[in-house]
Amino acid sequence: MAQARKLNLAFPVGGLNRRLSFQAQPPYTTPDCLNVRSDDPLEGRQRGGSRPGLVKSHQERLGQNWVNLLDDVRTLIVNPSTSQIIDFPGTQIDPTVWGVGAWMDHTMEVEGGYAFVRHDPGPPRHRNCALYAKQIKIDTSRSIQLWVPVRFPLNPILGESGQANVIGYLDELNPQVPVNSVEAIGRFYRGTGTFPWKLIFTLRINKNGVQTNYDSQEYQTSSTFFRLFLDVSDARVATVSFSFGGSTLPVVSASIEGQSPSSNRVGFSMQWLVGDRDANKKIIADQISFRYYEVGQQPSRPRNFLVAHSASQLYRDSEDGRTMRPVSQQDAILSSDRRLWSASHEGRLFIADWGEPNAAIRAKVYYPTIGGDPNADKLVLWTATSGEVPANCQLISRHRDRIVLAGAAELPHVWYMSAIGDPFDWFGSGLPDGAQSGDSADAGNLFEPITALIPYSNDYMIFGCSDSIWALRGDPGFGAVFDNLTHAQGIIDNGAWANGPIGEIFFLSRDGLYVLPSATGGEIDPISLSREKLPEELRDVDREQVMVSMAYDVIHRGLHIYLVPRLPSDNILHFWHSLESKGFWPVTHRADLHPITILRHEADLPGDTSVIMGGRDGYLRKMDRGAASDDGTPFDSHVLYGPVLMGQSGTHEGMATELDVVLPLASGPVGWGIKTGATIESALSNGLTASGVRQGGRSGTDRFRARGYALFLRVSGLDGNPWSIEEAVLGTHTTGRIKIS
């Protein structure tokens, strides 16, 4: 009798690999996948699943054209609001930070950096817990923003439901009792139809014990994670909002003028409404965020403003970072039909604007709000106080407190630097700290078109050319020289590089993806990353046809690589490169969602820090694990496990007879399929010989018969829901030697 085997199939965390023969597919890699990652979208565990979806980071459409500029500019703001995130270290609630709401019946617990409410296994089948922040006193005459990220591990089949409240304006003298407060309330219930959950939100105002409620409509969802917001504007309008990702949706608002209390404490609460008496189930809150004005005057503080441009209009984000607004431009209009680059210096953003050869298009400078400056919050022409700002340059950067320009269409090999510390001084005085250029400095020009300027460290600046890479060591006014790093690779364009987490530089050349190690001294040699896994993809990218954008994602710990055609087109492969697993993962988006520009945006609140993507359609978006689609559009996601040799050796065939797939409880459904063949290559190209659908959790064993030499298991998402896979076990047995026909 043939010996039966049980094979545990591991998710291919090593990503896509098409370098070797079919027979030599490296372990833990896959020959085919799309829109999946090694980290799951539910909890970030390395067990595999669909990639995060795209959500709007800001609701405003910036223009009918693409977003062709994105950057941060850091400056001081006067009398700022205070932004504070409070997390939960240790193993219990810190009594110096949090006070317990006595109107609730239990105390929150702490584990792994988050607070949670455990379900009560006995009557009354629920727990209510609340906390208020002891060290925060808000200015009740000013705006506030409070929010809490909440995860409900609920089971819709069991009819579980839960609730979270964000609470403002608690009584200072007696904050335990919500006699005076304004609350944003979010409730989860069992849904109907396609979506397993429904949400209902309430704005509640308590004043002197009198309660007023404003309810929202119902919202359907497949996610058990959301962020709940309470905003009160200076105009005394309270708004409840929620998000499953970066896109925040206001759902109910009302004026509270003359109605809101004047108390100055803030807090939050969580509670079970209905559950299945499982004490292991928890409602979880992580990193409670408050943005408010404290009682009394606040000192000035630095802040990163997000700046974007689309359709001839420059925008910057509001102080709370959640909206974009246009800035005054006067007679300074930026080009809209090409990507633009910028560099910040002492709270101002200098923008390189350019056109066809000899167009003499002048660069611009944006001044965020700087006290006493007549150009505050304006975009103006960049006018030199000495000399003349080089015109029509495509590239801009900063090195040793100088602004660097290069890449003019008529002189693509020439570089220019301003005087040290003064971006408005371009007069070549001959002094070491004066303005410099490749025509006058000892370092000279490179005599090859410059395609990228990369600030590498205080000692080095990288000049990427079309077919070579150079390091400028030191300051050109003090004898700096160019050292060649390679004549074998260049950098495609100024969007084709990104800073890594430890000072390294990733860049895309005609030969694929490379990395320059951190500049810690010694030689700097580029190291190939993609050719060893992807023989064709990411090679020979034509900068005249494709716009390359790259950015390191701090949250998801990987590299976005976008290859966007200049003309809209669907089915374009982009890539995610995981720095943890070293794998490459293909990504697709709808054509109008393709990012023209991307930016690693360092926001005030860590929870808001993300990679912002400026789309072809004029919207700003970002990826978020809680999103089930790309801004409302479901995407195909699938991965192949294998190849699996079905017989007892490489000379035998086998029969697959059963499959047991276990999904996390919160996972969306997946479809599975078996592909077999007489060779590994034929198994890869053949259709499915068996298939089925699995729901969250363990739902039994699927039985079938599929014979062949080699097998692949295909797992794919269904209904546009985020999915993950915990375990896949395949049952096989040997049937005999390979038959040669």
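Heads up: the structure comes first, above all this text.
Residues numbered from 1 in each chain as written. Predicted model: local features only at pLDDT ≥ 70, side-chain atom pairs only at ≥ 80, totals over all residues. Heavy atoms only, no water.

*Asks:* Teacher, can you tell me more about the overall build of the chain here?
*Replies:* The helix and strand inventory of the chain stands at one helix and 56 strands. Each principal axis of the C-alpha distribution contributes one length, and for the chain these read about 85 × 85 × 45 Å. For the chain, the proportion of its 741 residues judged to be buried stands at 58%. In the chain, of all internal contacts separated by at least 6 residues, the share reaching a separation of at least 24 is 64%. Approximately 28,900 Å² of the chain is accessible, and the part contributed by carbon and sulfur atoms is 49%. (Helix = DSSP H or I, 4+ residues; strand = E, 2+ residues; numbered from the N terminus. Buried < 20%, exposed > 50% of the residue type's maximum accessible area, 1.4 Å probe, protein only. Contact = heavy atoms within 4.5 Å. Areas by Shrake-Rupley, 256 points an atom, 1.4 Å probe, with all protein chains shown as cover.)

*Asks:* Looking at this model, I keep getting lost on the pattern of salt bridges. Mind explaining?
*Replies:* When their charged atoms lie close together, side chains carrying opposite charge are able to pair. A full pass over the atoms with the stated rule returns 33 salt bridges. Across the pair D624 and R227 runs a salt bridge, and its minimum N-O distance is 3.6 Å. Remark: R227 occurs in strand β17 (residues 225–232) and D624 occurs in strand β48 (residues 620–624); sequence separation between them is 397 residues. Taking the relative accessible area as the measure of exposure, D624 reaches 8% and is therefore buried. Several salt bridges share partner residues, and in doing so they unite D660, R694, R698, D702 and E727 into one network. (Salt bridge = Lys/Arg side-chain N within 4 Å of Asp/Glu carboxyl O.)

*Asks:* What am I meant to see in the sheet that holds strand β44 (residues 574–578) here?
*Replies:* In any sheet, the strands associate via hydrogen bonds between backbone groups, in a parallel or an antiparallel arrangement. Across the sheet, four strands lie side by side as β42-β43-β44-β45; this open sheet has antiparallel pairing. Either end of the sheet is taken by a strand with one partner, and the two such strands are β42 (546–553) and β45 (584–587). Within this sheet the neighbouring strands show an average axis-to-axis angle of 20 degrees, counted without direction. In this structure, strand β43 (residues 558–565) lies alongside β44, joined through four bridges in antiparallel fashion. Paired with L559 across the strands is H577, a residue of β44. (Pairing = 2+ DSSP bridges. Axes fitted to C-alpha atoms, helices over the stretch in contact; angles between N-to-C directions.)

*Asks:* How do you make sense of the sheet that holds strand β13 (residues 161–170) when you look at a structure like this?
*Replies:* On the basis of which strands lie adjacent, the open sheet formed by seven strands has the order β8-β11-β20-β13-β14-β15-β16 and antiparallel pairing. For this open sheet the edge positions go to β8 (98–100) and β16 (210–221), each flanked by a neighbour on one side alone. On average, each strand axis in the sheet is tilted by 20 degrees relative to the strand beside it, whichever way the strands run. Looking at chain direction, β8 and strand β11 (residues 128–133) are connected through three bridges and run antiparallel. Looking across to β11, one finds that G99 is bridged to Y132.

*Asks:* Sorry, what's going on with unusual backbone geometry here?
*Replies:* Trans is the prevailing form of peptide bonds, just as negative phi is the prevailing case for residues other than glycine. In this structure, the amide linkage connecting G642 to the following residue, P643, adopts the cis form with an omega of 15 degrees. Relative to the elements of secondary structure, P643 occurs in strand β49 (residues 638–645).

*Asks:* When you look at the packing of aromatic side chains in this model, what are you seeing that I'm missing?
*Replies:* Given two aromatic rings, their pairing is described by the distance between the two centres and the angle made by the two planes. For the structure on display, the rule yields 19 aromatic pairs. A ring pair is formed by W382 and W426, whose centres lie 6.0 Å apart and whose planes are at 70 degrees; its orientation type is edge-to-face. Highlighted residues: W382 in the loop between β29 (378–381) and β30 (395–399) and W426 in the loop between β32 (411–417) and β33 (436–437), separated in sequence by 44 residues. W426 carries the same exposure label as W382, and that label is buried. These aromatic residues form a ring-pair network of at least three members: F350, W382, F424 and W426. (Phe/Tyr/Trp six-rings, centres within 6.5 Å; stacked < 30°, edge-to-face > 60°.)

*Asks:* Before we go on, may I ask you to explain the pairing of strand β28 (residues 364–367) in this structure?
*Replies:* Regular strands place their side chains on alternate faces of the sheet. The alternating pattern of β28 places K364 and Y366 and V365 and Y367 on opposite faces, both of which are buried. Bridge count for strand β27 (residues 348–352) against β28 is three bridges, and the pairing is antiparallel. Bridged to I351 within β28 is K364. Examined bridge by bridge, β28 and β29 share four bridges and lie antiparallel to one another. Its bridge partner being in β29, Y367 is matched across the sheet by K378.

*Asks:* When you look at the state of the cysteines in this model, what are you seeing that I'm missing?
*Replies:* Put plainly, a disulfide is one covalent bond tying together the sulfur atoms of two cysteines. Counted by the stated rule, this structure contains zero disulfides. A disulfide-free cysteine, C465 has its sulfur positioned 15 Å from the sulfur of C393, the nearest such atom. (Disulfide = S-S within 2.5 Å.)

*Asks:* Please explain the environment of F463 as it appears in this structure.
*Replies:* The topology assignment puts F463 in strand β35 (residues 460–465). Here the alpha-carbon distance between F463 and G618, two residues 155 residues apart in the chain, equals 31 Å.

*Asks:* Help me understand the environment of R265 in this model?
*Replies:* Locating R265 in the fold gives a position in strand β20 (residues 265–274). When the C-alpha atoms of R265 and G15 are compared, they prove to be 49 Å apart, with 250 residues separating the residues in sequence. Residues within four places of R265 in sequence aside, it is in contact with A133, K134, Q135, I136, K137, I167, G168, Y169, L170, D171, E172 and P175.

*Asks:* Mind showing me how you'd approach the environment of V414 here?
*Replies:* Tracing the sequence through the fold places V414 in strand β32. The spatial distance from the C-alpha of V414 to the C-alpha of S437 is 7.4 Å, given a sequence separation of 23 residues. Beyond its immediate chain neighbours, meaning those up to four positions away, V414 contacts L405, A406, G407, D439, N445 and I450.

*Asks:* Would you take a moment to explain the pairing of strand β15 (residues 197–207) for this structure?
*Replies:* Within β15, nine of the 11 residues are buried, which leaves the element mostly enclosed by the surrounding structure. Between β15 and β16, which follow one another and run antiparallel, lie two residues, and N208 among them has a positive phi close to 55 degrees.

*Asks:* Please explain the side chain of S509 as it appears in this structure.
*Replies:* With respect to the element layout, S509 can be found in strand β39 (residues 505–509). By relative accessible area, S509 is classed as buried at 0%. Among the polar contacts made by the side chain of S509, one reaches the main-chain amide nitrogen of D511 at a distance of 3.0 Å. (Polar contact = N/O pair within 3.5 Å; in protein donor to acceptor, adjacent residues only side chain to side chain.)

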